[in-house]
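Structural features, examined
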Number of protein chains: 2
Amino acid sequence: MSPRVGLDDARIMQAAASIANETGLQSVTLATLAKQLNVRPPSLYNHVNGLPEIRNKLTLLGLQGLQAVMHEAVSKQKQPESGAIPALAIAYAKYAIEHPGLYEATININAREHSEEIQQKAAELVDLVSNGLRPFLPSADEADLIHAVRGFRSLLHGYTSLILSGGFNMAVDRDESFLYMIRAYMAGIQRQSVL
Amino acid sequence: MSPRVGLDDARIMQAAASIANETGLQSVTLATLAKQLNVRPPSLYNHVNGLPEIRNKLTLLGLQGLQAVMHEAVSKQKQPESGAIPALAIAYAKYAIEHPGLYEATININAREHSEEIQQKAAELVDLVSNGLRPFLPSADEADLIHAVRGFRSLLHGYTSLILSGGFNMAVDRDESFLYMIRAYMAGIQRQSVL
DNA sequence: TAATAAAACTAATGGTATTAGTTTTCTGAA
DNA sequence: TTCAGAAAACTAATACCATTAGTTTTATTA
């Protein structure tokens, strides 16, 4: 009655990510997970500490994925100073929309107790944006750079989050709106830093 | 055994809103609601159709509240064309941060079946922003105006959502960041519409 | 005042997560 | 090669959730 399916942490998290992306983060439960892995729910406790731990690990997976595609995006840029920001923005939105469950996990850091690893990855993401923005705002002080990073992040998260919630349904191309807002924001911060 | 507490739809939704704002939308359950109202969970079904209906009503309450403060914000403006947008932005963020549970309900429109009323309120919100933005972009065509509205909404939702998720913790004033990003975005869209 | 409708209740069902305790299976050391 | 212990599955049980069915109490109103 226990043919030892060969479960392990990695396979569990892979299944969790797949469920999250396909049917939503809220439907990652021990029940759905166990069913997909052909196992009874309590068996999962041999490999994982419970649902909260699974959620935390999904957060980390999402941050890692996001960081990876954004890192790749800046690496591939030929002219580092000009195109880094749009490349970062496109990579961010693409990843979020293609991995809605992991992206949602990325945001829903329940305020309390992120692990060290999660803090670390989140900081790397901020640095990536910060470094991309800096050459654009040569005369900006540290506070203004932080303002600019926060605004950029707000724009990226707001756009993707609204798309994922089913927003922006009017008959106007969403991708064009995205490029429009990124261009506008960049033009705006550049102008502000000159003033 | 049933002293008839005097429950009704309005009192239930008031309790639901209070729980949502104080301990999070996810902790609005029939159990917490019944406990707060000194009633057993099944009694709630005499007034309300179940948890999904309560969630829908919270969405509507949130949209109504948001629309009300934004409407008030534009009404109070002396110079209609200049300051409407910052006033709308500030009203939006203030409401969202002061009513986190209702605001969350506002966004989490689970894609499927919003009621007519919800659709209506959501459209009124878009109009409010659209009308605020139009005098700013006199030479913009309809598509560009929609792009601009979407960007503005992305910025507002992204900022508030990240704040409510516990983000933006560095030692730089969040309100200043908010004003910075609004100013930058407005300067940017104005410049784009001229080009 | 008696009948009816409304609002509360209890009890039961089926779904969750989690814990405890048990059985099976694999592995590594004698 | 065997067998003892660890690991991984299991069953059973607890506690909590939403919801439904059926019952009792309360209020209204004819």
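Cut-offs and rules
- Residues numbered from 1 in each chain as written.
- Chains lettered and ligands numbered in written order.
- Predicted model: local features only at pLDDT ≥ 70, side-chain atom pairs only at ≥ 80, totals over all residues.
- Heavy atoms only, no water.
- Least-squares fit on C-alpha atoms with pLDDT ≥ 70 in both.
- Contact = heavy atoms within 4.5 Å.
- Near = heavy atom within 4 Å.
- Polar contact = N/O pair within 3.5 Å; in protein donor to acceptor, adjacent residues only side chain to side chain.
- Helix = DSSP H or I, 4+ residues; strand = E, 2+ residues; numbered from the N terminus.
- Nonpolar A, V, L, I, M, F, W, Y, C, P; charged D, E, K, R; others polar.
- Axes fitted to C-alpha atoms, helices over the stretch in contact; angles between N-to-C directions.
- Parallel < 35°, antiparallel > 145°, perpendicular 65-115°, else oblique.
- Expected span 1.5 Å × (residues − 1).
- Buried < 20%, exposed > 50% of the residue type's maximum accessible area, 1.4 Å probe, protein only.

Chain A has the name WHG domain-containing protein in an unreviewed UniProt entry, where Paenibacillus terricola is given as its organism.

Examining the relation of the copies chain B and chain A
Taken as rigid bodies, chain B and chain A are interconverted by a rotation of 180 degrees and an axial shift of 0.0 Å, the fit giving an RMSD of 0.1 Å. Seen this way, the second copy is the image of the first under a two-fold rotation axis. When the interface residues of chain B are mapped onto chain A, 97% of them are again interface residues, pointing to one common binding face.

A few points about the protein's contact with DNA strand C
Taken together, 22 residues form the shell around DNA strand C, and within it A:Leu30, A:Tyr45, B:Ser43, B:Asn46 and B:His47 come nearest. Per the 4 Å cut-off to the protein, sugar and phosphate atoms form 76% of the nearby atoms of DNA strand C. In the environment of DNA strand C, a phosphate oxygen lies 2.6 Å from a nitrogen or oxygen atom belonging to the backbone of A:Leu30. Measuring from a base nitrogen of DNA strand C, one finds a side-chain N or O atom of B:Asn46 at 2.7 Å. For the surface near DNA strand C, the secondary-structure elements that each account for two or more residues are helix H2 (30-36) and helix H3 (51-75) of chain A. Of the residues contributing to the surface near DNA strand C, the split by class is 11 nonpolar, 8 polar and 3 charged.

Considerations on the packing of helix H1 (residues 9-23) of chain B against helix H5 (residues 100-107) of chain B
Residues and elements named next belong to chain B. Put simply, H1 and H5 touch, their axes get as near as 6 Å, and they point 100 degrees apart. One finds that H1 runs roughly perpendicular with respect to H5. Each of Ala17, Ala20 and Asn21 in H1 lies in contact with H5, whose residues at this interface are Pro100, Gly101 and Leu102. Class assignment for the residues of the contact of H1 with H5 results in 4 nonpolar, 2 polar and no charged.

Some thoughts on the protein's contact with DNA strand D
Around DNA strand D, the surrounding shell holds 22 residues, and the nearest of these are A:Ser43, A:Asn46, A:His47, B:Leu30 and B:Tyr45. Counting only atoms of DNA strand D within 4 Å of the protein, the fraction found in sugar and phosphate groups is 77%. At 2.5 Å from a phosphate oxygen of DNA strand D is found a side-chain nitrogen or oxygen belonging to A:His47. B:Leu30 is positioned with one of its backbone polar atoms (N or O) 2.6 Å from a phosphate oxygen of DNA strand D. Only helix H2 (30-36) and helix H3 (51-75) of chain B provide two or more residues apiece to the surface near DNA strand D.

A look at H1(B)
Residues and elements named next belong to chain B. Relative to the 21 Å expected for 15 residues at 1.5 Å per residue, H1 spans 21 Å between its end C-alpha atoms, a close match to the ideal helical length. Those residues of H1 lying buried are Ile12, Met13, Ala15, Ala16, Ala17, Ile19 and Ala20. In this structure, the buried side of H1 is in contact with H2, H3 and H5. Where H1 terminates, the next one or two residues include Gly24, which has phi positive at roughly 100 degrees.

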